[in-house]
Each structure stands twice: as C-alpha cells, then as structure tokens.
Amino acid sequence: MMTSKTAASKTVASKTAGSKTAASKTAASKTVASKTMTSKTMTAETSHKILKKTTFKQHYIRSLGILGAVALLATTAACSSSKGAASKAPGGPLAGEGIGPGGVPTGGPTGAPQPCHGDATTANTWQGSLPAAGSAMPSGSTMAKIQQRGFLVAGIDMSTWLFGYDPNHTNVPQGFDVDIAKEIAKAIFGDANPNHIKFQVVTLADPTTGEIAQLNATNVDVVVRTTTITCARLANANFSNPYFTARQKLLMPIGADGKAQKLGLADMTGKQVCATKNSTALMTIAKVAGAAAAYPAANALDCLAYLQQGKVDGVFTDDSILLGMEAQDPKVKITTAQTSATDDQPYGIVTAKANTDMAQFVNGVLANILGSGQWSKLVFANGLQTSQSDTPKIPADYPLG
Amino acid sequence: MTATTARSTAPNQPHGQQPHNQQSLGQQPHGQRPQPPTSPTRHGSLTRLRRVRVVLAISALVFGVIGAWTVQMRSDGAHDALKHSGPLTQQATKLYHALSDADASAATLYLHTGPVPTDLLNRYKQDLVDASDALAAVTAEANGAKDSAADLKTIADKLPTYSEDMGYARSISNYGFPLGTRYLILASNLMQGDPAHPEIQPILGAAKNLVDTESRNLVGAEDKSSAFPAVEIVAAVALLAALLFVQAAENRRTRRLLNPGLVAATAALVLSMGWLLAAFAVQGNEVSMAKKQGADQVRILATAQVQSLQARTDEMLTLVGRGTANDKEVDYVTNAELGLGASLHRADAAATDVQSDTLARKAISDEAAWLTAHRKLRADDQQNNYDAAVNSALGEPPNDATTANANFQALQKDLDAAMGHAQVGFQTHSQSASDAVVGAVIGMGVLALAMAGAIVAGLGRRISEYQ
C-alpha cells in the first residue's frame, strides 16, 4: 500500500507539525512505511487541539496543511498497534452508514478484515497542484478518459434526504453527495454544465448493483453515497479522505413543549429503539439500552415510519440521516443528549481499486473544496450545518467494517 | 277340520300367523274357486302370496325412497356446486385478484410523475371496492365456516391498514419525501409478505388460502353430485331379482305365462332405473365438464393472474425503490419467470377446447414478450437510463408494443378472456348438471308408487283366486 507518494506527503506534513513523537512500535507488515518515517510528528490529541483552537476561517485556510499533517500522523499510527481497532471484535457487526445493510461486498477477501488506519486514504494524495479545471488531463489518465467521453458518471443514493434524493421524482437528484459529485465533474470539465455529469443509483454493498460491483464494471467513475470508510471496504476499493463525519444520535418525537427531548440512549432501557439491521448502531443500542430495546429495520427510513406508527420509541443512527428524517416529519427531533465520538462514521468518496490516479485526483478536489470554503457552503446549502459543521477529520483508525 | 289338516300338512308355518289364517278361513266360503292349486294346500299358498305381496310392495316403496334420496343427494351436490361452492370460489378468486391488482395499481401510480392518471387511480379505488364487496360476499356465504374464518379475519383486519398506509405513501410522496416510498413498500409487504418476517401472514396469503379452501369445498360438492349410486343399484337388482323370482314361481304354479301386475311393476322398475342411470350419466358428464372446462381452469388461471400481478408490483417497486428495493427484483424472477411461466403451461395443458387452448398459447407468448421487455427495462435502469426504464414500465409512448406495460396489459387481456371463458364453461355445465336430475326425485316417487300398486293389484288377482 505504501508508495513513495506517502513519503512526499509526509514532507509537507512535517512543515506544519509542531510536536515530537517517536514511533514506538514497528509492525512487521508496515516495515516499508516505518523506514520512510521521520521522528518529527505529532499525536492525534495535539492535532485535535489545533483543530479546535483555530477559528472557522483559519481552519479552512490551513486545512490543506493539516490534512497533510494528519496524513503523517496516521502513518505513525500505522506503526503502532491500534487499540481502537483491536477493541472491535473481528467479524463482528458491520459498520453501518445508517442506510441499507452495511456489508462486505462479495468477491473480496474472505475472513475477518485487517485493521487499517488513516494512511489507507491519505496514501492516495495528488502530487503538486491539480490540473486547472477544464484543461487537458494527463494523457492516458482515468480523468482524460472521462474528459474524452464528455461526462462523469457518479454513483449516488436516491433515497437519502439531504444527501442524495429526487424530490420531484423527475430523476434530477440533489443533496450534499450530489453536490460533491458535481464538484468533481467541475474539476474535470471546468464548468457546471449538467451534461457533464450523469447519475447512477448505487445500492450499498449489493453484489451486483453495489458500489464495488459498479465501479469494477466501470458503470460508474466515482461513488458518493454516504459510504462509511471501513477496512473491509478498503480492501476492495479506493476511498478518499473523509468528506463528512457523521455521529450517531437519537431521534425521538418532540416533547410536550414542542422542543427536542433530552433523553439519551441510556434512558431507553425497556423501550424500543430502531436502527438498520446489521448496523453498528443496532449493536450500540443493544449494548447501552439492552438487547430487548434493539429494533431492526430493513431500511433506516423504515424506522421513521415505525416511529410514526408508534411501533418504536426512538431511532438511533447517523445524525446526517436523522437530519433528513427531521426534514420529513416536523414532529420528531434529534435529542439534545451528548453522544460518544467512538462510533463516528467517516464518509468517503469511493473509486475503483485499479484507478489510483482517480483516487488521488478526488483527494485533490476534496482538499481544494475544503480549503476554498466551498465545502462549508455546500454543508449550509444542504441544511447540514446543525450536524458536524467542522471539517471532516481523518481518524487514526478506520472502522473495521 | 281343514285348519287342522292345513296345520298338519304345513308344520313349518310360524305360529303368529295361525289365528289370522283360521279367522280368514272361517270367513271364506269353501270351494268357491275350483282351480287346482299346485301347492300342497290352498291356505299355505294364500298366506305365502299375501306375505309376498306385502314384502314386494314395501320393497318397491323403499326402493323409491332410496332412489329419491340418491337423486336428492346428487341434486344437492350439483346445487351446492352451482349456487354455493361455485359462487364462493368465484368470490374468493375475485377477492384474490382485486387485492393483487390494487397493489400493482398503487405501485404503478406511485411511479407516475406529474398529474395523477385518473384512470389508474380509479382502478385502484375500484379494486379496493371490489375486494371489500367480495370479502363481504365470501364472509356471508361462508357463514362462519371454520375452515375460512381465520383467513377472512386476517384480510378484514389488515385491509384498512393497507389502504391507510397506501394513502399515506401517496400524500408524503407529494412532498417529494423518500419516506413515501418506504410506506409504499411497507404497505405492499403487508399485502405480498415481508421477506424479513415470513412468519407474518400477508393479506394475499390469506386470500390464497381462501381460494384453496373454497376450491376444495367445490371439489367436495362436485364429488357428492357425481357419487356412484351403489345403494340404489343394489336395491334395484335385489328388487328385480325378487320380482323375477316371484313371477317365475307363479308361472310354474299357475301355468299362466304372465302376471300383468308383476310385469307392469318390473317395467316400472326398469324404467325408473333407466331414468336414474341416464340422468346420472348426463349429470356425471356435465359435472366432469364443469370441472375440466371450468373449475380446474379457473383455478389455474386465477393463480396465473395473481402471479402476473405480483410480478408487476415487483417490477414497479424495484423502479420506485431506486436501488433500495432490489430484493423485489429477486421476487420478480420467482413470480414471473418461474411461477407464472409454469402456471401458463399448466393452463395450456388443461385447455379442453380450441378457444381456451388459443388463449393459453397467446398468454404464453405475451408473457415471454413481457419478460424480454422487463430484462431490457432492468438493463436500462442499471445502465444509467432510468427514464427509459420508467417509460417502458408505464408504456410510453403508448403506441410502442415492445414496452413492458404493453406486454403486461396484453397478458392481462389474455388471462381475463381465458378466465371469462372458463367461468362461462363452469356455469353452463354446472347448470346442465343441476337440470339433469330435476324431476328425477318426483319420477322416482311416482314410479315407486306405481310399482307398489301394480304388485298389489297383480298379486291381488291371484289371492282372490283362492278366496
């Protein structure tokens, strides 16, 4: 996995890195990585503090550099034994993304997924500055082929409010995912001409219509559909750095005063809380509120229907999904109780395993829109500002999945 | 004196008969009839003849009762098939069809964008009205029968929830919310069954059970109406043997060739048996025609209709789900490619006349065309050509005969025509079967009375010869 490009990104990172930490342990499998490592780097905690201290604007200006820093950080983390990943039982619940059954696509390696770290996405970093939007892409590259074809094919979701949906049933999708896909098309073609992008529905983890299957079949060039970056999925596809981080929260009917309730998952013992079957959210419900409280649904949105029908007392899943539910029913709201960051879901843009150049290009586009402030514009435009308004962070370890 | 002689010469006579014999002998003037009896004594012959007369007359009446009862049994069966089980099966079939058609229409409605197509909306509403009517009719006709009570309850309980969820789906969808799609799928699962909860009986599952139950009852009625008249035939043979035996004996004793009364009774017996067997043969044939040309085909066609409608629902829901309902496509393969195909070939094999055979073959070819159109539709949907897939499903443009909708509608037309033909066949033959035994009950009674009368009269002449 490690390439010379990782070493290059580290160089950028070391300019912004402030504190020192020595890579304590060396994993045999990461020997190549550790050889390219410098001793100057920083811990995740320090990086987090920097992010918190910076103001909103500074934040974006520096985001590129920080991304690089985090990239190096993650490389370091790769050398140490990952406690976060180890705490999750291999072959346990699949990391849920809120919608559809989370799962490992067929055809990939069998057995429990190996732990993976931040470098799994930062490894694919575009070198230098991206080609100017609309200018000729490097000859022979995936982007050049897309340019020649005349349009980008983006795999999206069509049933997740605020991310990918078709409100007028006219096959004109909109949402945050759709906007991110449009940014990629704009970076290739130089304009926002709707003819330069086509959309294709992708079903999560489906063996024939899932993201991996459609990418490998070259039905789609990129997939932007609230897909959580997981180690299992990383074995079969390239992911961008996180473009959105969702936190799992509880949605309940509004209180008698018309405001959001204060209850948390721990208060739901003896009640029914809905989540997508096979999702980590469902396991969290069982862990915190008891196995009897976990109520599985085929689709996350079914949970809202069950809540309206009085079959369940609450819905526990990604806040990004819950925001969409709030939009569809004014009588429900995300509760104000604080939830843990342990199960945060980093969403990534998926590209085919074979097209490393595309993965690097997408990472470059993402870095640009994060840096230019376009990312937060899109977050606000899609009504996601009440969720995680901070720029997405690259975690030390990705969920096993 | 004579009585003593008679007693001594006929010691085998039962004692109970003696006083009567003595008394009647006492009343009779001696030697009025000079004809020489062949039996040892005149008194013995008289007693015997009287007894034979009573036994034969009663036997004739009993035969008549058995005959009338047999006819009544078969007539009841035919009547049950024509007026109760038949209509009940038909209503259950109508319920099954209306429910699945409602679900297919609702899913199709949902796929339409822009103004609501009123004909489709009216069809959905009419389906629900038809289903409610059929449900009420079946409930009334079944009259608390245990075999159908649970299924009727399932349908009656869930149908309001179904239509409520469907209405909710449509109104949420007006806001563009994907939640509408989930309500559509939840409602449809209530109708078709939820793959995640196979233990919950869906509405259509209960409706299918009803059709099966009523079909079984119809077969029972048909069997009853064509039961072999074994008791009647045994009775007829016994009576015939007795009549012939008595006539042969009389022939020997009197050297008269025939006793007109007994001959008339025998003729009446033969006539009544002939009537009965002819009526039964006609009826049996009509019942079997009603079964083969009617009920059997109706059953197969009803299954095919529902399978095609379920597949249509799957086709629509896969499109509506936009990737979240791909399991419905798996369902489509089960319903259309496996179930429906097999049913249509069964219908073709069961076809008894040219028209039903032609219709079955046309249905098979239209089904194949639909499958082809459906595969193209799926390929379009999967290859970034959703609009083309939707157009095919909804039949745009209307003059394009290759769309999935055009071929599905053609298939529905074939099945409707075949169903109508089979139902007419059932009705006609059931009516004929019922008509075939009309009058046979009275006929059996009249002929039995005539037989008894002829026996009494015929043997009465012989008895009076002794007196």
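Conventions we followed
Residues numbered from 1 in each chain as written. Chains lettered and ligands numbered in written order. Predicted model: local features only at pLDDT ≥ 70, side-chain atom pairs only at ≥ 80, totals over all residues. Heavy atoms only, no water. Helix = DSSP H or I, 4+ residues; strand = E, 2+ residues; numbered from the N terminus. Rg over C-alpha atoms; globule rule 2.2 N^0.38 Å. Buried < 20%, exposed > 50% of the residue type's maximum accessible area, 1.4 Å probe, protein only. Contact = heavy atoms within 4.5 Å. Areas by Shrake-Rupley, 256 points an atom, 1.4 Å probe, with all protein chains shown as cover. Pairing = 2+ DSSP bridges. Right-handed = clockwise from strand over helix to strand, strands pointing away. Buried area = accessible area lost by both parts, 1.4 Å probe. Salt bridge = Lys/Arg side-chain N within 4 Å of Asp/Glu carboxyl O. Polar contact = N/O pair within 3.5 Å; in protein donor to acceptor, adjacent residues only side chain to side chain. Nonpolar A, V, L, I, M, F, W, Y, C, P; charged D, E, K, R; others polar. Axes fitted to C-alpha atoms, helices over the stretch in contact; angles between N-to-C directions. Core = buried A, V, L, I, M, F, W, Y, C linked by side-chain atoms within 4.5 Å. pLDDT = per-residue confidence, 0-100. Expected span 1.5 Å × (residues − 1). Disulfide = S-S within 2.5 Å. Parallel < 35°, antiparallel > 145°, perpendicular 65-115°, else oblique. Left-handed = near helix turned anticlockwise from the far one by under 90°. Phe/Tyr/Trp six-rings, centres within 6.5 Å; stacked < 30°, edge-to-face > 60°. Lys NZ or Arg CZ within 6 Å of the ring centre and 35° of its normal.

Q: So what exactly am I meant to see when it comes to the overall build of chain B here?
A: In terms of helices and strands, chain B carries 14 helices and zero strands. Starting at the N terminus, the α and β elements of chain B follow one another as α-α-α-α-α-α-α-α-α-α-α-α-α-α. Since a compact globule built from 467 residues should have a radius of gyration of about 23 Å, the 36 Å found for chain B marks it as more spread out than a globular shape. Across its three principal axes, chain B shows a C-alpha extent of roughly 120 × 40 × 30 Å. Here chain B, with 467 residues, has 51% of them falling under the buried criterion. For chain B, contacts bridging at least 24 residues in sequence account for 81% of all contacts bridging at least 6. As displayed, chain B offers around 20900 Å² of accessible surface, 61% of which is attributable to carbon and sulfur atoms.

Q: Is there a simple way to explain the overall build of chain A in this structure?
A: Secondary structure summary: chain A contains 15 helices and 14 strands in total. Within chain A, contacts between residues separated by at least 24 positions form 73% of all contacts whose residues are at least 6 apart in sequence. As presented, chain A carries roughly 16300 Å² of accessible surface, and 56% of it is formed by carbon and sulfur atoms.

Q: Is there a simple way to explain the pairing of strand β9 (residues 273-276) of chain A in this structure?
A: Along a regular strand, successive side chains alternate from one face of the sheet to the other. Residue and element names in this part refer to chain A. Pairing geometry for β9 and strand β10 (residues 294-297), over four bridges, is parallel. Its bridge partner being in β10, Cys274 is matched across the sheet by Tyr295. Following the chain from β9 across helix α11 (residues 280-289) to the adjacent parallel β10, one finds a crossover that is right-handed.

Q: Hey, could you run me through the sheet that holds strand β14 (residues 350-352) of chain A in this one?
A: Pairing between sheet strands relies on hydrogen bonds along the backbone, with the strands arranged either parallel or antiparallel. Residue and element names in this part refer to chain A. Overall, mixed pairing links the five strands, which are arranged β4-β1-β5-β14-β6 in an open sheet. Looking at which strands have only one partner, the edges of the open sheet turn out to be β4 (197-201) and β6 (237-239). Sheet topology note: the strand β5 (residues 222-223)/β14 ladder contains two bridges and is antiparallel. Following the sheet pairing, Val223 is matched in β14 by Val350.

Q: Just checking my understanding: could you explain the interface of chain A and chain B for this structure?
A: When the parts come together, some accessible area is lost, and that loss is often what is quoted as the size of the interface. Contacts between the two partners involve 29 residues from chain A, matched on the other side by 23 residues from chain B. Buried surface at the junction of chain A and chain B, summed over both partners, amounts to about 2300 Å²; 51% is from carbon and sulfur atoms. Of all residues in chain A, His169(A), Asn171(A) and Gln328(A) bury the most surface against chain B, accounting for 23% of the area lost on that side. Summed over the shared surface of chain A and chain B, the number is two salt bridges. The salt bridge involving Asp302(A) is made with Arg182(B); its shortest N-O contact spans 2.7 Å. The tally of links from chain A across to chain B stands at nine residue pairs in polar contact (both at pLDDT 80 or more). Looking at the side of chain A that touches chain B, the elements with two or more residues in it are β4, α12 (300-308) and α13 (319-328) of chain A. By residue number, the principal contributor to the side of chain A that touches chain B is α12(A), which donates six residues. Partitioned by chemical class, the residues of the side of chain A that touches chain B number twelve nonpolar, 13 polar and four charged.

Q: I'm lost on the pairing of strand β11 (residues 314-318) of chain A in this one. Help?
A: All names here are of chain A. The element β11 is extensively covered by neighbouring structure, given that five of its five residues are classed as buried. As paired strands, strand β8 (residues 248-253) and β11 are joined by four bridges and run antiparallel to one another. Residue pairing for β11: Lys249 is matched across the bridge by Thr317. The pairing of β9 with β11 spans two bridges and is classified as parallel. Along β11, the bridge assignment pairs Cys274 with Val315.

Q: I'm lost on the sheet that holds β8(A) in this one. Help?
A: All names here are of chain A. Across the sheet, which stays open at both edges, the five strands sit in the order β10-β9-β11-β8-β12 with mixed pairing between neighbours. The sheet is open, and its two borders are formed by β10 and β12 (332-334), each paired with just one other strand. Sheet twist, expressed as the average angle between the axes of neighbouring strands with direction ignored, equals 30 degrees. Examined bridge by bridge, β8 and β12 share three bridges and lie antiparallel to one another. Bridged to Pro253 within β12 is Val332. Its contacts with the sheet put α11 on β8, β9, β10 and β11, and the angle it makes with β9 is roughly 150 degrees. Sheet strands in contact with α13 are β8, β11 and β12, and its direction is about 130 degrees off that of β11.

Q: Would you mind showing me how to read the side chain of Thr93(B) here?
A: All names here are of chain B. Mapped onto the elements, Thr93 comes out in helix α3 (residues 42-111). For Thr93, a relative accessible area of 4% gives the class buried. Other than its neighbours up to four places away in sequence, Thr93 contacts Val211, Ala302 and Met419.

Q: So what exactly am I meant to see when it comes to the nonpolar core here?
A: Most often, soluble globular proteins keep nonpolar side chains buried together rather than apart. Judged by nonpolar contacts, the single largest core of 142 residues is most densely connected at Leu152(A), Phe176(A), Leu99(B) and Tyr162(B). By residue number, the principal contributor to this core is α3(B), which donates 13 residues. If sequence neighbours within four positions are ignored, Phe176(A) has contacts with Leu162(A), Phe163(A), Tyr243(A), Phe244(A), Trp375(A), Leu378(A), Val379(A), Asn382(A) and Leu384(A). With 34 residues, the next largest nonpolar core counts Leu262(B), Met273(B), Ala279(B) and Ala440(B) among its residues.

Q: Just to check I follow, could you spell out the environment of Thr208(A) for this structure?
A: All names here are of chain A. Tracing the chain through its elements places Thr208 in the loop between β4 and α9 (211-216). Under the relative-accessibility criterion, Thr208 is labelled exposed at 59%. On a C-alpha basis, the gap between Thr208 and Asn168 in space is 27 Å, while along the polypeptide they are 40 residues apart.

Q: Looking at this model, I keep getting lost on the confidence of the model for chain A. Mind explaining?
A: In low-pLDDT segments, the atomic positions of the prediction should not be examined closely. Mean pLDDT over chain A: 76, with 71% of residues reaching 70 or higher. Scored below 50 in pLDDT, residues 1-108 of chain A shows 174 contacts in the model against residues more than four places distant or in partner chains.

Q: I would appreciate a short explanation of the confidence of the model for chain B in the present structure.
A: Residue and element names in this part refer to chain B. When pLDDT is averaged along chain B, the result is 86; 91% of the residues meet or exceed 70. Overall, residues 1-34 carries pLDDT values under 50, and its contacts beyond four positions in sequence, including any with other chains, amount to 27 contacts. Interface confidence in the predicted complex, given as ipTM, is 0.71; pTM for the same model is 0.74.

Q: Explain helix α4 (residues 118-142) of chain B to me, please; I cannot follow it from the model alone.
A: Given 3.6 residues to a turn, an α-helix orients residues that are three or four positions apart in the same direction. Residue and element names in this part refer to chain B. When the terminal C-alpha atoms of α4 are compared, their 35 Å separation across 25 residues agrees well with the 36 Å that a helix rising 1.5 Å per residue should span. Along α4, the positions that sit buried rather than exposed are Leu120, Leu121, Tyr124, Asp127, Leu128, Ala131, Ala134, Leu135, Val138 and Ala142. Asn143 sits one or two residues past α4 and shows a positive phi near 50 degrees.

Q: Any chance you could explain the state of the cysteines here in plain terms?
A: Chemically, a disulfide is nothing more than a covalent bond linking the sulfur atoms of two cysteines. All names here are of chain A. Throughout the structure, instances matching the rule amount to two disulfides over all chains. In this model Cys116 forms its disulfide with Cys231; the gap between the sulfur atoms is 1.9 Å. Across the disulfide from Cys116 to Cys231, rotation about the S-S bond amounts to roughly -85 degrees, and the bridge is consequently left-handed. Placement of Cys116 in the loop between α5 (83-87) and α6 (119-122) and of Cys231 in helix α10 (residues 231-234) is noted, with a sequence separation of 115 residues between them.

Q: Is there a simple way to explain the packing of helix α9 (residues 260-321) of chain B against helix α10 (residues 327-350) of chain B in this structure?
A: Helix packing geometry: the angle between the two helix axes and the distance between the axes. Residue and element names in this part refer to chain B. Here α9 crosses α10 at 160 degrees, and the two axes come no closer than 8 Å. Judged by the angle between their axes, α9 and α10 are roughly antiparallel. Every pair of crossing elements has a handedness; the one defined by α9 and α10 is left-handed. Of the residues contributing to the contact of α9 with α10, the split by class is eleven nonpolar, nine polar and seven charged.

Q: Can you help me understand the pattern of salt bridges in this one?
A: Pairing is possible between side chains of opposite charge, provided their charged atoms come close. Residue and element names in this part refer to chain B. Under the definition given, this model contains 22 salt bridges over all chains. Asp296 is the salt-bridge partner of Arg299, the closest N and O atoms lying 2.7 Å from each other. Here Arg299 pairs with Asp296, and both are found in helix α9, just three residues apart, close to one helical turn. Residue Arg299 is classed as partly exposed on the basis of its relative accessible area, which comes to 27%. Put simply, Glu329 and Arg378 hold a salt bridge, and the shortest N to O gap is 4.0 Å.

Q: Whenever I open this one, the packing of aromatic side chains confuses me. Can you help?
A: One pass over the structure, following the stated rule, counts 16 aromatic pairs over all chains. Ring centres 6.0 Å apart and planes at 25 degrees place the aromatic pair Phe244(A) and Tyr347(A) in the stacked group. Of the two residues, Phe244(A) sits in strand β7 (residues 244-246) while Tyr347(A) sits in strand β13 (residues 345-347), which places them 103 residues apart along the sequence. Judged by centre distance (5.6 Å) and plane angle (85 degrees), the ring pair of Tyr332(B) and Trp370(B) falls under edge-to-face. Here the residue Tyr332(B) occupies a position in helix α10, and Trp370(B) occupies one in helix α11 (residues 354-382), the gap between them amounting to 38 residues. Comparing Tyr332(B) with Trp370(B), the two get one shared label, buried. Taken together through their ring pairs, the aromatic side chains of Phe163(A), Phe176(A), Tyr243(A), Phe244(A), Tyr347(A) and Trp375(A) make up a single cluster. The aromatic ring of Phe280(B) is capped on one face by Arg74(B), whose charged end is 3.9 Å from the ring centroid. Taking the ring centre of Tyr386(B) as reference, the NZ or CZ of Arg322(B) above it sits at 3.4 Å.

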